[in-house]
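The residues making up each chain are set out below.
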Amino acid sequence: MINITIPTPDVTIHKQENPQLSHIYGFTDFHLISREVGGIFMFYNDRDELLFVGKARKLRPRIKKHFEDTVSPIKLHRDEVARIEVCVVEDPVHREIYETYIINELRAKYNVDNVFFR
């Protein structure tokens, strides 16, 4: 049996109510997420339900793209995202394993790929 432990987030950013700075869907702290490292990211709502899990070679641009892209799986649910957790995972094979594991273990609501629990 393989034992997988979900990594502890390296960065967590929260949606702000009435942000004073320039923002994307209430998030102003994207600068805390590295632009140059790979990893996995998780979007949660205000009830701590996991909405979406993704992976990226470069985290910050990929996460921001989910809030701007017209083909993102969460495009109709962007307002629902209240917290973003980011885990740095440089190895692409490890990213793939973590993403698939987290999607299925925590039953991510809006993931459509790598889903085995439905």
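Residues numbered from 1 in each chain as written. Predicted model: local features only at pLDDT ≥ 70, side-chain atom pairs only at ≥ 80, totals over all residues. Heavy atoms only, no water.

Participant: When you look at the pattern of salt bridges in this model, what are you seeing that I'm missing?
Facilitator: When charged atoms on two side chains of opposite charge get close, those side chains can pair. Counting across every chain of the model gives eight salt bridges. Measuring nitrogen to oxygen at the nearest pair gives 3.6 Å for the salt bridge that ties glutamate 36 to lysine 58. Here glutamate 36 is found in the loop between β1 (11–14) and β2 (39–44), whereas its partner lysine 58 is found in the loop between β3 (50–56) and α1 (59–66), with 22 residues between them in sequence. A relative accessible area of 53% means that glutamate 36 is categorised as exposed. Put simply, glutamate 49 and arginine 47 hold a salt bridge, and the shortest N to O gap is 3.0 Å. The class for arginine 47 is exposed, based on a relative accessible area of 54%. One network of salt bridges, with partners in common, ties together Asp46, Arg47 and Glu49. (Salt bridge = Lys/Arg side-chain N within 4 Å of Asp/Glu carboxyl O. Helix = DSSP H or I, 4+ residues; strand = E, 2+ residues; numbered from the N terminus. Buried < 20%, exposed > 50% of the residue type's maximum accessible area, 1.4 Å probe, protein only.)

Participant: Please clarify how α1 should be interpreted in this entry.
Facilitator: Because an α-helix completes one turn every 3.6 residues, residues spaced three or four positions apart along the sequence face the same direction. Every buried residue of α1 is accounted for by Leu59, Arg60, Ile63 and His66. The arc that holds every buried residue of α1, seen down its axis, measures 120 degrees, which confines them to one face. Elements in contact with the buried residues of α1: β2, β3 and β4 (83–88). (Arc of directions from axis to C-beta. Contact = heavy atoms within 4.5 Å.)

Participant: So what exactly am I meant to see when it comes to the pairing of β4 here?
Facilitator: Each regular strand shows side chains that alternate between the opposite faces of the sheet. Where burial is concerned, most of β4 is hidden: five out of the six residues are buried. Pairing geometry for β1 and β4, over four bridges, is antiparallel. Directly across from histidine 14, in β4, lies its bridge partner arginine 83. Relative to β4, β2 runs antiparallel, the two sharing six bridges. Within β4, the residue paired with isoleucine 40 across the bridge is cysteine 87. (Pairing = 2+ DSSP bridges.)

Participant: How should the side chain of aspartate 69 be read in this particular structure?
Facilitator: Assignment of secondary structure puts aspartate 69 in the loop between α1 and β4. For the buried residue aspartate 69, which engages in no salt bridge, the nearest side chain bearing the opposite charge is lysine 65, 4.6 Å off. Residues within four places of aspartate 69 in sequence aside, it is in contact with Lys75 and Arg78. (Lys, Arg positive; Asp, Glu negative; His and termini not counted.)

Participant: Would you mind showing me how to read the sheet that holds β2 here?
Facilitator: By definition, the strands of a sheet pair up through backbone hydrogen bonds, in either a parallel or an antiparallel sense. Spatially, four strands are ordered β1-β4-β2-β3 in an open sheet, and the strand pairing comes out antiparallel. One side of each edge strand has no neighbouring strand; the edge strands of this open sheet are β1 and β3. Averaged over all neighbouring strand pairs, the angle between strand axes comes to 15 degrees, with direction disregarded. Across the sheet, α1 is in contact with β2, β3 and β4; its angle to β2 comes to roughly 30 degrees. Here helix α2 (residues 92–105) sits on the sheet and contacts β2 and β3; the angle it forms with β3, its principal contact strand, is near 170 degrees. (Axes fitted to C-alpha atoms, helices over the stretch in contact; angles between N-to-C directions.)

Participant: Would you explain the nonpolar core in this entry?
Facilitator: Phe30, Phe43, Ile63, Phe67 and Ile84 are the most contacted members of the largest nonpolar core, which has 20 residues in total. For this core, the secondary-structure elements that each account for two or more residues are β1, β2, β3, α1 and β4. No other element matches the three residues that β3 contributes to this core. When residues no more than four places from it in sequence are discounted, the contact partners of isoleucine 63 are Phe30, Ile33, Phe41, Phe43, Ile84 and Val86. Of all hydrophobic cores here, the second largest spans 10 residues; its members include Ile40, Tyr44, Val89 and Ile102. (Core = buried A, V, L, I, M, F, W, Y, C linked by side-chain atoms within 4.5 Å.)

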